[in-house]
Amino acid sequence: MSHPLPRPATTADLMDVIELLTQVWPEENNEGRWHEYLQEQEESGNGARRGVWVLDDDGRVLAVATVERRRPKTIEGRTWPVYLAYLTTDRDHRREGHAARLEHHVMRELEQQGYSGAYLRVNREERGWKEALEFWERQGWEQTVGSPPILMIKQTATSPPLGPS
């Protein structure tokens, strides 16, 4: 049995990233934009506006996660500095724990970069939103007050207790 490893995505992963994203979000088929994001990450590292990670199984990309580091949002009186924009696993490898593994890695990375937490949206209009909500709750994400979309938050492991920041 293989043990896929999380790593930052590179421009060499461009087509794999697009293919995984478009399995769920067909509108993300913008090669130029994603190439720009990956190139910025290669050049700027953690200073890039968007962070992209993949779960690599010996050269085969099984999952992708992206965050936007410069999109803070105030939710319930606290500012959440990072938006988790996408997390998906290749349809042929779902239910194998890859998404949970990559989410855990991304949150650890954000913590090491000095971020106190992240937020995400679950859209009720998207197919599979109930399953997505259950997945995020299993990973320790909490629903916030308000609707649609459903906003969820999660602190990094060493961030201070919830409260106004």
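Per chain, residues are indexed from 1 in the order of the written sequence. Under the rules for a predicted model, residues below a pLDDT of 70 receive no local features and side-chain atom pairs below 80 are neither given nor counted, while totals for whole chains, interfaces and linings still include all residues. Values shown for side chains rest on all heavy atoms present in the structure; no hydrogens or waters enter the calculation.

### Observations concerning the environment of Arg49
Then comes step 1: Each helix corresponds to a stretch of at least 4 residues labelled H or I by DSSP, and each strand to a stretch of at least 2 residues labelled E; elements are numbered beginning at the N terminus. Position of Arg49 among the secondary structure elements: in the loop between α2 (31-44) and β2 (50-57).
Then comes step 2: Owing to a relative accessible area of 29%, Arg49 belongs among the partly exposed residues under this scheme.
Then comes step 3: In this structure, the C-alpha to C-alpha distance between Arg49 and Glu103, residues 54 residues apart in sequence, is 18 Å.
Then comes step 4: Polar contact is defined as a pair of N or O atoms within 3.5 Å, subject to the rule that within protein one atom must be able to donate a hydrogen and the other to accept it, and that residues adjacent in sequence are counted only when both atoms are side-chain atoms. A polar contact is formed between the side chain of Arg49 and the side chain of Tyr37, at a distance of 3.0 Å. Classification of residues uses two cut-offs on accessible area relative to the type maximum, computed with a 1.4 Å probe and protein chains only: under 20% is buried, over 50% is exposed, and between them is partly exposed.

### Some remarks on the pattern of salt bridges
Then comes step 1: Salt bridge, as applied in this entry: a Lys or Arg side-chain nitrogen positioned within 4 Å of an Asp or Glu carboxyl oxygen. In the structure shown here, the tally under the stated rule is 7 salt bridges.
Then comes step 2: Note that Asp57 and Arg60 form a salt bridge whose closest N and O atoms lie 2.7 Å from each other.
Then comes step 3: When the shortest N-O distance is used, the salt bridge between Lys154 and Glu103 registers 2.9 Å. Here the residue Lys154 occupies a position in strand β9 (residues 150-155), and Glu103 occupies one in helix α3 (residues 98-112), the gap between them amounting to 51 residues. The same class applies to Lys154 and to Glu103, which are both buried.
Then comes step 4: Salt bridges linked by common partners bring Arg7, Asp13 and Asp56 together as one network.

### So, unusual backbone geometry
Then comes step 1: Of note, the phi angle at Asp58 is positive, near 55°, even though the residue is not glycine.
Then comes step 2: The topology assignment puts Asp58 in the loop between β2 and β3 (60-68).
Then comes step 3: Residue Glu76 is not a glycine yet carries a positive backbone phi of 50°.
Then comes step 4: Its place among the elements puts Glu76 in the loop between β4 (73-75) and β5 (78-80).

### Things to note about helix α4 (residues 129-138)
Then comes step 1: All of the buried residues along α4 are Leu133, Phe135 and Trp136. All buried residues of α4 project into a common sector of 160° when viewed along the axis, lining one side. In α4, the exposed positions angled more than 90 degrees off the buried face are occupied by Lys130 and Arg138.
Then comes step 2: Residues count as neighbours in contact if any of their non-hydrogen atoms are within 4.5 Å of one another. Contacts from the buried residues of α4 go to β6 (82-89), α3, β7 (117-122), β8 (142-143) and β9.
Then comes step 3: Of the residues flanking the end of α4, it is Gly140, one or two places downstream, whose phi is positive at about 95°. Taken from the helix axis, the directions to the C-beta atoms give the arc we talk about.

### Quick look at the packing of helix α1 (residues 14-24) against α2
Then comes step 1: For every element, the axis is a line fit to its C-alpha atoms; helices are fit only across the contacting stretch, and the angle between N-to-C directions ranges from 0 to 180 degrees. Between α1 and α2, whose axes approach to 10 Å, the crossing angle comes to 120°. Taken together, the axes of α1 and α2 are oblique relative to one another. As for the relative orientation of α1 and α2, their crossing is right-handed in sense. Residues Leu14, Met15, Val17, Ile18 and Leu21 of α1 lie in contact with α2, whose contacting residues are Glu31, Trp34, His35 and Leu38.
Then comes step 2: We call Asp, Glu, Lys and Arg charged. Ala, Val, Leu, Ile, Met, Phe, Trp, Tyr, Cys and Pro are nonpolar, and the rest, Gly among them, are polar. Grouping the constituent residues of the contact of α1 with α2 by class yields 7 nonpolar, 1 polar and 1 charged. Our angle categories are set so that under 35 degrees counts as roughly parallel, over 145 as roughly antiparallel, 65 to 115 as roughly perpendicular, and the remainder as oblique. Should the near helix be turned anticlockwise from the far one by less than a right angle, the crossing is left-handed, and should it be turned clockwise, the crossing is right-handed.

### Observations concerning the confidence of the model for the protein
Then comes step 1: Averaged over the protein, the pLDDT score is 88; the fraction of residues at 70 or greater is 93%.
Then comes step 2: Values of pLDDT, ranging from 0 to 100, describe the predictor's confidence in every residue of the model. Within the protein, the element-level pLDDT minimum falls on β4, averaging 87, and the maximum on β3, averaging 95.
Then comes step 3: In this model residues 161-165 is a low-confidence stretch, pLDDT under 50, and it forms 12 contacts with partners more than four residues away in sequence or in other chains.

### Points about the packing of aromatic side chains
Then comes step 1: Stacked, tilted and edge-to-face are the three classes assigned to paired rings of Phe, Tyr and Trp, where Trp is represented by its six-membered ring and a pair needs centres within 6.5 Å; plane angles under 30 degrees give stacked, over 60 edge-to-face, the rest tilted. Taken as a whole and assessed by the stated rule, the structure comprises 6 aromatic pairs.
Then comes step 2: Judged by centre distance (5.5 Å) and plane angle (75°), the rings of Trp136 and Trp141 are edge-to-face. Grouping residues by exposure puts Trp136 and Trp141 together as buried.
Then comes step 3: In this structure an aromatic cluster arises from ring pairing among Trp25, Trp34, Tyr37 and Tyr86.

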